[in-house]
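# Reading the structure
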Amino acid sequence: VIGLGYLLCRAADTMADTAALPYGDRLRMLKRFRDVLEQFPPSESKLVAFADEVNTLLTAEQSPSEKALMNHLKEIGR
């Protein structure tokens, strides 16, 4: 449970801190993340689609470790 909480917090922090998107886009992404997680466990299809979208948006700015972190979001719904 602690590992899951850490993953969710780190993912939110990565989205909030990215320089790849303007503030308004980051805020929308975080709200969407909240919406995806509102039903827990989240729908696997919604979570995978969200993680893919985030990775597409942030690819240019992400370090390999951040990309790996965001890819692990897909595993929550399984």
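These numbers come from a predicted model, not from an experiment.

Criteria and thresholds
Residues numbered from 1 in each chain as written. Predicted model: local features only at pLDDT ≥ 70, side-chain atom pairs only at ≥ 80, totals over all residues. Heavy atoms only, no water. Helix = DSSP H or I, 4+ residues; strand = E, 2+ residues; numbered from the N terminus. Rg over C-alpha atoms; globule rule 2.2 N^0.38 Å. Buried < 20%, exposed > 50% of the residue type's maximum accessible area, 1.4 Å probe, protein only. Salt bridge = Lys/Arg side-chain N within 4 Å of Asp/Glu carboxyl O. Core = buried A, V, L, I, M, F, W, Y, C linked by side-chain atoms within 4.5 Å. Contact = heavy atoms within 4.5 Å. Lys, Arg positive; Asp, Glu negative; His and termini not counted. Polar contact = N/O pair within 3.5 Å; in protein donor to acceptor, adjacent residues only side chain to side chain. Axes fitted to C-alpha atoms, helices over the stretch in contact; angles between N-to-C directions. Parallel < 35°, antiparallel > 145°, perpendicular 65-115°, else oblique. Left-handed = near helix turned anticlockwise from the far one by under 90°. Nonpolar A, V, L, I, M, F, W, Y, C, P; charged D, E, K, R; others polar.

### Things to note about the overall build of the protein chain
- What the protein chain contains, in helices and strands, is 4 helices and 0 strands.
- Each helix (α) and strand (β) of the protein chain, taken in turn from the N terminus, gives the series α-α-α-α.
- Relative to a compact globule of 78 residues, whose C-alpha radius of gyration would be 12 Å, the protein chain shows 12 Å and is just as compact.
- Within the protein chain, the fraction of its 78 residues that count as buried is 32%.

### Things to note about the pattern of salt bridges
- According to the stated counting rule, one finds 3 salt bridges in the structure shown.
- Asp25 is the partner of Arg28 in a salt bridge, and the nearest nitrogen-oxygen pair spans 2.4 Å. Here Arg28 pairs with Asp25, and both are found in helix H2 (residues 23-37), just 3 residues apart, close to one helical turn.
- A salt bridge links Arg34 to Asp35, with the shortest nitrogen-to-oxygen separation between them at 3.7 Å.

### Digging into the environment of Glu66
- Its location among the elements puts Glu66 in helix H4 (residues 64-71).
- When the C-alpha positions of Glu66 and Ile76 are compared, they lie 16 Å apart, and in sequence the two are 10 residues distant.

### Regarding the nonpolar core
- Counting 18 residues, the largest nonpolar core has Met15, Met29, Phe33, Phe50, Val54, Met70 and Leu73 as its most contacted members.
- Sorting the residues of this core by element identifies helix H1 (2-17), H2, helix H3 (44-58) and H4 as the ones contributing at least two each.
- For this core, the element with the highest residue contribution is H3, accounting for 5 residues.
- Discounting residues that sit within four places of it in the chain, Met70 has contacts with Ala11, Thr14, Met15, Ala51, Val54, Asn55 and Gln62.

### Considering the side chain of Arg26
- Within the secondary structure, Arg26 sits in helix H2.
- The buried charged residue Arg26 lacks any salt bridge, with Asp17 as its nearest oppositely charged partner at 5.8 Å.
- Among the polar contacts listed, one links the side chain of Arg26 to the backbone oxygen of Leu21, at a separation of 3.1 Å.
- Those residues in contact with Arg26 that sit more than four places away from it in its chain are Met15, Ala16, Asp17, Thr18 and Leu21.

### Some thoughts on the packing of H1 against H4
- It is the contact of H1 with H4, at a shortest axis distance of 10 Å, that shows an interaxial angle of 125°. Relative to H4, H1 is oriented oblique. Viewed along their axes, H1 and H4 form a crossing whose handedness is left-handed. Two secondary-structure elements touch here, H1 through Leu7, Arg10, Ala11, Thr14 and Met15 and H4 through Glu66, Leu69 and Met70.
- Across the contact of H1 with H4, the residue classes break down as 5 nonpolar, 1 polar and 2 charged.

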